[in-house]
Amino acid sequence: MDHCRRIVLAGVLAGLVACSGGDVGTGAGGTGSTAALPRAADLCVSNDCGSATILVAIPDAENILFADDGRLFVTGGENLYEIHKSADGSFSATPLYDGTCSFTGMAIMQGWLYANGCDDHSLLAARLTATPQLAKIYQYTGFCIPNGMAAGPDGRLYVVDEPLNCQAADPKIVRITLSDATHVSAQDTWVQGSPTGLLPFGGDNVLRFPNGLVRDGSTFYGTDGGSVFSVQLGSDGSAGEVLPLFWEPTAHDDIGLCGDCLLVADFFGGRIALLSRDGELLQETLQQTFTAVSSVRLGRPPLFAPTDVLVTDKGVIGDNDLPIDYLAVFRRD
């Protein structure tokens with residue numbers, strides 16, 4: 001989410017509360033099974049058992065993606081970075097875009113890194129060489145904000161259009177077909193949300209404020225304001241019904257996968273939560289353990305243990321200079 005949309009959402013959500021949001025193995029998009037990932041019983045997502053350690057500053061930190069070989073990528077308000085670990089255990093962030101650009105969702109497909117970014121609603125790509133260099137390959141049409149992204153089992157990209165704070169709200173999940181790694185041949189709407197009435201921020205089978213998106217097999221999981229949902233990719237390519245799994249009066253940002261569970265970033269609450277695949281709340285950190293959680297993913301060797309939980313904290317909305325915009329790891333004490 002950008003800062004203008006979050007400010008608007010915060011105001012609406014305050015009224016609501018007064019009256020009563022890559023690869024499958026890495027939790028970032030999807031090419032295989034999550035069966036080998038740690039299960040809920042193996043994880044610590046609570047202040048009773050674990051704590052967070054800041055790893056590296058990322059201005060306006062947004063999303064996390066691991067490649068199959070453990071390379072780590074993080075998006076932020078100024079660039080997209082590859083995260084490196086030095087011999088002394090410290091971490092650093094190397095920008096992959098020549099210039100300054102705000103990035104959101106990412107996915108990896110067939111050796112290419114794809115990312116949503118820049119004010120012109122671009123799709124960017126980079127071959128995963130030793131030194132990737134992102135370049136614009138496509139400009140989305142009819143979008144408010146290209147946000148969450150997942151690689152589909154059909155070799156296509158699935159991209160969330162987040163609608164808030166646009167003159168013509170049109171929440172949806174769009175499917176992008178590529179003729180080759182750097183050429184888009186088609187853009188079509190896969191799931192159409194409701195263009196009117198943002199309340200109650202999800203909780204039913206209509207998308208109103210979609211944000212994060214991941215995939216496990218033929219099932220996509222996403223966030224929709226205070227809701228977490230799933231939707232099936234049919235054998236004919238069509239979308240099944242949007243099924244609400246969980247709802248609470250907040251705004252969830254990105255979402256990650258574990259063996260039998262889901263990791264959810266609670267942006268307004270500054271917390272991370274662990275859900276079962278059918279939406280039961282299993283563990284959660286305390287409110288304001290972080291400032292504003294924008295994404296959460298399981299770690300991956302060689303940089304991290306599989307039970308480490310990586311977190312991006314966006315800090316103060318729209319500020320890129322305070323030392324509270326960062327990538328952190330939450331792990332068992």
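These notes cover the structure that comes with them. (Residues numbered from 1 in each chain as written. Predicted model: local features only at pLDDT ≥ 70, side-chain atom pairs only at ≥ 80, totals over all residues. Heavy atoms only, no water.)

### Some points on the state of the cysteines
Okay, step 1: For the coordinates displayed, the defined rule picks out four disulfides.
Okay, step 2: One disulfide in the model links Cys-101 with Cys-118; its S-S distance is 1.9 Å. Between Cys-101 and Cys-118, the S-S torsion sits near -130 degrees, and that sign places the bridge as left-handed. Taken together, the residues span a long stretch of sequence, with Cys-101 in the loop between β5 (91–95) and β6 (103–109) and Cys-118 in the loop between β7 (112–117) and β8 (122–127) at a distance of 17 residues. When sorted by exposure, Cys-101 lands in the same class as Cys-118, which is buried.
Okay, step 3: Two residues, Cys-144 and Cys-166, share a disulfide whose sulfurs are 1.6 Å apart. Handedness of the Cys-144-Cys-166 disulfide follows from its S-S torsion of about 80 degrees: it is right-handed. Of this pair, Cys-144 sits in the loop between β9 (135–139) and β10 (145–151) while Cys-166 is found in the loop between β11 (157–162) and β12 (172–180), placing the two residues 22 residues apart along the sequence.
Okay, step 4: Of the residues examined, Cys-144 reaches a relative accessible area of 7% and is grouped as buried.
Okay, step 5: You can call Cys-166 partly exposed: its relative accessible area is 30%.
Okay, step 6: Cysteine pairing in the chain follows 1-2, 3-4, 5-6, 7-8, where each cysteine in a disulfide is numbered by its order in the sequence. (Disulfide = S-S within 2.5 Å. Helix = DSSP H or I, 4+ residues; strand = E, 2+ residues; numbered from the N terminus. Buried < 20%, exposed > 50% of the residue type's maximum accessible area, 1.4 Å probe, protein only.)

### Focus: the nonpolar core
Okay, step 1: Core analysis: the biggest nonpolar cluster contains 20 residues, and Leu-263, Ile-272, Leu-274, Phe-290 and Val-309 have the highest contact counts within it.
Okay, step 2: At the level of secondary structure, the elements contributing two or more residues to this core comprise β19 (261–266), β20 (271–276), β22 (293–298), β23 (309–313) and β24 (326–332).
Okay, step 3: Once residues within four sequence positions are removed from consideration, Leu-274 is found in contact with Ala-40, Leu-43, Val-45, Cys-258, Cys-261, Leu-262, Leu-263, Glu-280, Leu-281, Leu-282 and Gln-283.
Okay, step 4: With 18 residues, the next largest nonpolar core counts Ala-107, Leu-123, Met-149 and Val-159 among its residues. (Core = buried A, V, L, I, M, F, W, Y, C linked by side-chain atoms within 4.5 Å. Contact = heavy atoms within 4.5 Å.)

### Details of the pattern of salt bridges
Okay, step 1: Across all of its chains, the model carries 15 salt bridges by this definition.
Okay, step 2: In this structure, Arg-39 and Asp-260 form a salt bridge, with 3.3 Å as the shortest nitrogen-oxygen distance. Remark: Asp-260 occurs in the loop between β18 (252–258) and β19 and Arg-39 occurs in the loop between α1 (3–19) and β1 (50–57); sequence separation between them is 221 residues.
Okay, step 3: When salt bridges with common partners are traced through the structure, they connect Glu-248, Asp-266, Arg-271 and Glu-284 into a single cluster. (Salt bridge = Lys/Arg side-chain N within 4 Å of Asp/Glu carboxyl O.)

### Digging into the sheet that holds β20
Okay, step 1: What the four strands build is an open sheet, ordered β18-β19-β20-β21; its pairing is antiparallel. Looking at strand neighbours, the two that pair on one side only are β18 and β21 (281–284), the edges of this open sheet. Here the strands of the sheet are splayed against their neighbours by 25 degrees on average, with no regard to which way each runs.
Okay, step 2: Relative to β21, β20 runs antiparallel, the two sharing three bridges. Across the sheet, the residue bridging to Leu-274 is Gln-283, located in β21. (Pairing = 2+ DSSP bridges. Axes fitted to C-alpha atoms, helices over the stretch in contact; angles between N-to-C directions.)

Worth remembering: the numbers are spatial, not functional.
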